[in-house]
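Secondary and tertiary structure notes
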Amino acid sequence: MTAKASASSDQTAFASAPKATPKVGFVSLGCPKALVDSERIITKLRAEGYHVAPDYAGADVVVVNTCGFLDSAKRESLDAIGEALAENGRVIVTGCMGVEEGRIREVHPGVLAVTGPHQYEQVVSAVHEAVPPLHDPYLDLVPPEGLRLTPRHYAYLKISEGCNNRCSFCIIPSLRGDLASRPANHVMAEAERLVKAGVKELLVISQDTSAYGLDLRYAESSWKGAPLKARLLDLATALGELGAWIRLHYVYPYPHVDDVIPLMADGKILPYLDIPFQHASPAVLRAMRRPAHQEKTAERIAAWRKVCPDLALRSTFIVGFPGETEEDFELLLEWLREAKLNRVGCFKYEAVAGALANDLPGAIPEEVKEERWHRFMAAQQEVSREILAARVGTKIDVMVDEVDEDGALCRSKWDAPEIDGSVFLDGGQALRPGDIVTARVHTADDYDLWASIA
């Protein structure tokens, strides 16, 4: 199975299959959590004898896993459904936009079925109805780690569904429900299978990784003959024993995250935290209804870096939120320069149907959002340039993602796939994806590094 990632973050996976076998095409849109949903659906169908089609024309039915967070994402989802209908004619819709079945059927009345997010059994049932399975699942071969849409050497590990937060700009809880954590031994069993299958990096994801286990009251489950609590620190400690790179995403800066930093300092897990700060102005954060006392995050970041000087922080921010004043925005820029985050993404605020923020006063004109976005990115570019310049002349470990005649495209421990920077490695033609080598950095620009094998 292969995967393609476009600039709009959609991923389409296909693999060849015998003509006698029922074939399903997949289009997966949106975030890594949705990608994991697609992988689970594909794994279940493959276990029942289905194959994944090489193109629209070769598929008996096409499943489109939609994104429904922003209006722009919904438009992209509707376009993807329309393309699948035009190219194939038999389409099943699932994912976050599936909760808006009426709107989907209004635009595309010809879809066969519509299901919501993480409704795996309903999707499989819809496929059964459209294209009945021909094989006995006990006779079909599926790798123990399941079928995935990512390269062989890294994988996303989803530890929970849903979210208990009620941010005013977000509708994720209405799409995916409240927090529902997986038992710790279930997470570890999946992680171990992945590592045994050759995965070198596990990217831990959820909607709120810091809240993992809260709904389970941090219940213990048995792992390797010992109790393991469903708690972030305990899980990260156990994952750190598997021998793979462990990268934490979607972490809110709650106080108990402090306990995880020593694991990074000791090399048990990667010195990397993906924290969606969203803003720095207390007034804007209150309007956003953001959890965790983010006014104190600069102090917390400084404390983390004392424990783990190598720590890399990535985050996302929103500019142009309703009521954001020029003073609020200048405060954000000042905070950004002080915090010196390694990797940053920025979005211009976009109203989302059903979000509480739609009723807030003080809508920001689009031209102001655009101007602030450019100023924000310019400020962060200076920070990134300074951080990466300090890497020149140093030796760093890098993981190989791709190899061609010019060398190897790699990532450092401070860079997650697809969203962060790259390390371009000279003389790496003999390497393979998943290899980890030591490199000496000789050049840096605003976002990437160039290096040679040390």
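Above this text is the structure in question.
Residues numbered from 1 in each chain as written. Predicted model: local features only at pLDDT ≥ 70, side-chain atom pairs only at ≥ 80, totals over all residues. Heavy atoms only, no water.

**Digging into the sheet that holds strand E18 (residues 395-404)**
- Spatially, E18-E19-E20-E22-E21 is the arrangement adopted by the five strands of the closed barrel, whose pairing is mixed. Neighbour to neighbour, the strand axes of the sheet diverge by 50° on average, direction disregarded.
- One ladder, built from five bridges, connects strand E21 (residues 436-444) with strand E22 (residues 449-453); its direction is antiparallel. Residue pairing for E22: arginine 440 is matched across the bridge by serine 452. (Pairing = 2+ DSSP bridges. Helix = DSSP H or I, 4+ residues; strand = E, 2+ residues; numbered from the N terminus. Axes fitted to C-alpha atoms, helices over the stretch in contact; angles between N-to-C directions.)

**Considering the nonpolar core**
- Core analysis: the biggest nonpolar cluster contains 53 residues, and Met264, Leu273, Trp304, Phe317, Leu341 and Phe376 have the highest contact counts within it.
- For this core, the element with the most residues is helix H11 (residues 326-339), which contributes six residues.
- If you look at the next biggest cluster of nonpolar residues, it comprises 45 residues, including Leu45, Val61, Val63 and Val441. (Core = buried A, V, L, I, M, F, W, Y, C linked by side-chain atoms within 4.5 Å. Buried < 20%, exposed > 50% of the residue type's maximum accessible area, 1.4 Å probe, protein only.)

**A look at the packing of helix H1 (residues 32-47) against helix H4 (residues 120-130)**
- Where H1 meets H4, the axes come as close as 10 Å, and the angle between the chain directions of the two elements is 45°. With respect to their mutual orientation, H1 and H4 come out oblique. By crossing handedness, the relation of H1 to H4 is classed as right-handed. Where H1 approaches H4, its residues Asp37, Arg40, Ile41, Lys44 and Leu45 are matched on the opposing element by Tyr120, Glu121, Val123, Val124 and Val127.
- Across the contact of H1 with H4, the residue classes tally to six nonpolar, no polar and four charged. (Parallel < 35°, antiparallel > 145°, perpendicular 65-115°, else oblique. Left-handed = near helix turned anticlockwise from the far one by under 90°. Contact = heavy atoms within 4.5 Å. Nonpolar A, V, L, I, M, F, W, Y, C, P; charged D, E, K, R; others polar.)

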